[in-house]
Amino acid sequence: MTEVKILSREQLIQEGLAKLVIPRMDEYRRPDGSIEPAWMPVFYNPQAIVSRDVTVSVLRTLYGSRNIFFIDPLAGTGIRSIRIALEKGGEGIVNDIDPHALYYIRKNLRLNNLYPGKLHVYSQEANVLLNNFTFTGISLDYIDLDPYGSPVPFVDSVFKPLGKRALIGVTATDTAPLTCSHYRKTLRRYWFTCVHTDFEKEIGARLLIAYIVKHASALDIAARPLLIFIYKHYYRVFFETLRSTGEAYRLINECLGYIWYCPSTLERGYIKSLDEARDLTCINNEKPVLTGETWICSLGEAEFIDKVFNEADKISWLHKDSRRILGLLRNETRLNNPYVRIDKLCSIIGRNMPKYETLIEALKQHGIMASRTHFDPRGLKIDSDVKALTEVLKSI
């Protein structure tokens, strides 16, 4: 480890295999004791350790021992790039236009013996860097898009420099519009008509995937979602990309549609076209409401997630929440219906809430697969309809 000078208002921390110098976090605490990364001179979010853990696990799963070339266009302290270089292996560009970020990036790369060498420091606006890199002829294996806020300003640029087959990781911290808490911003930013549901966190995941897949398709790129999760205040999604007009068309054609929802009975389902809604009726004879166009296929590749989980099991330094989320995703990704809030359904039908283990076992006895979901501890995903779930609840 190269020695670097740590100033009085800085501190040294360790995350994964990386050592990191950051501004002293105690100076940026909210009244409730939590850290506010946006107040720091350079952005470092300790809660994003789960995002970075899963990033390393995904890259190790997809690329094995092969060295990769990647770009981190919004690098902040450089922690994500450093962890990729140390824990996965490869060469990359660590970029940030903020002078404070550049100071910490260079300091932290030297601290981890990565500069000069495997990681190259750039200082450009992220879109400029990505668009200019398109013309270098260098094939990129991975781009990590980790903005503070929405990824929308960067989505088009992220696809242009990718190789024929590659990987992207995208973070979105604008959870309020994604989950329809700010419905006007949702329509303005994501072109999605909100409906209040009991599965708003899954709405956010499907909306984010749909937005990115559509923008990729416009550039003749198929973006297939491998894994998505929400943790604390952010979504994180990984796409395998392929330059293929045929596959891009197939994804758009097969996986975009609408969710119908009955607020009084919590029934829900998918339709491909608005014409199909004419024949839909809720159990209480009301007409369902429809969301805007969104992603209706699986929220990931279950077999790939199994491999990521197994790979993560080999990495001793991962955070416990990283393992917990991957463990839940292994099961819930196999069930495509939006999760149901069991507490709300029990309130509607006038039943006390059973233990989740009891309910899952009762559903299993009726031939219905069920899984807890990481989206909401009160939610349950099933491979049947809400009518069947209601009948089982009444029988317990």
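Scroll up for the structure.
What this report covers is the structure whose coordinates are included nearby. (Residues numbered from 1 in each chain as written. Predicted model: local features only at pLDDT ≥ 70, side-chain atom pairs only at ≥ 80, totals over all residues. Heavy atoms only, no water.)

### Some points on the layout of surface pockets
Phase 1 of the analysis: Estimates place the volume of the largest pocket at around 760 Å³.
Phase 2 of the analysis: Elements with a contribution of two residues or more to the lining of the largest pocket: α1 (49-63) and α2 (79-87).
Phase 3 of the analysis: Looking at side-chain class alone, the lining of the largest pocket contains 18 nonpolar, eleven polar and eight charged residues.
Phase 4 of the analysis: The space that makes up the second largest pocket amounts to roughly 210 Å³.
Phase 5 of the analysis: For the second largest pocket, the lining is made up of 13 residues, of which Ile-230, Tyr-231, Lys-232, Arg-324 and His-374 are closest to its centre.
Phase 6 of the analysis: Taken together, the elements giving at least two residues each to the lining of the second largest pocket come down to β8 (221-231) and α11 (320-332). (1 Å grid on protein atoms, 1.4 Å probe; cavity = no way out; pocket = protein on both sides within 12 Å on 5 of 7 lines; lining within 4 Å. Points joined across faces, edges and corners; volume = space filled by probe spheres on them. Helix = DSSP H or I, 4+ residues; strand = E, 2+ residues; numbered from the N terminus. Nonpolar A, V, L, I, M, F, W, Y, C, P; charged D, E, K, R; others polar.)

### Re empty space enclosed by the protein
Phase 1 of the analysis: Tallied over the entire structure, the rule returns one cavity of 30 Å³ or more.
Phase 2 of the analysis: For the largest cavity, the calculated volume is near 60 Å³.
Phase 3 of the analysis: Around the largest cavity sit Ile-228, Leu-299, Leu-329, Glu-332, Thr-333, Leu-335, His-374, Phe-375 and Lys-381, which together line it.
Phase 4 of the analysis: Of the residues assigned to the lining of the largest cavity, the class counts are five nonpolar, two polar and two charged.

### What to know about the packing of α1 against α2
Phase 1 of the analysis: Contact geometry for α1 and α2: axes closest at 10 Å, N-to-C directions at 35°. In this structure, α1 crosses over α2, and the sense of that crossing is right-handed. Facing Ile-49, Ser-51, Arg-52, Asp-53, Thr-55, Val-56, Leu-59 and Arg-60 of α1, the residues of α2 in contact are Ile-79, Arg-80, Arg-83, Ile-84 and Glu-87.
Phase 2 of the analysis: When the residues that make up the contact of α1 with α2 are grouped by side-chain class, the tally is five nonpolar, two polar and six charged. (Axes fitted to C-alpha atoms, helices over the stretch in contact; angles between N-to-C directions. Left-handed = near helix turned anticlockwise from the far one by under 90°. Contact = heavy atoms within 4.5 Å.)

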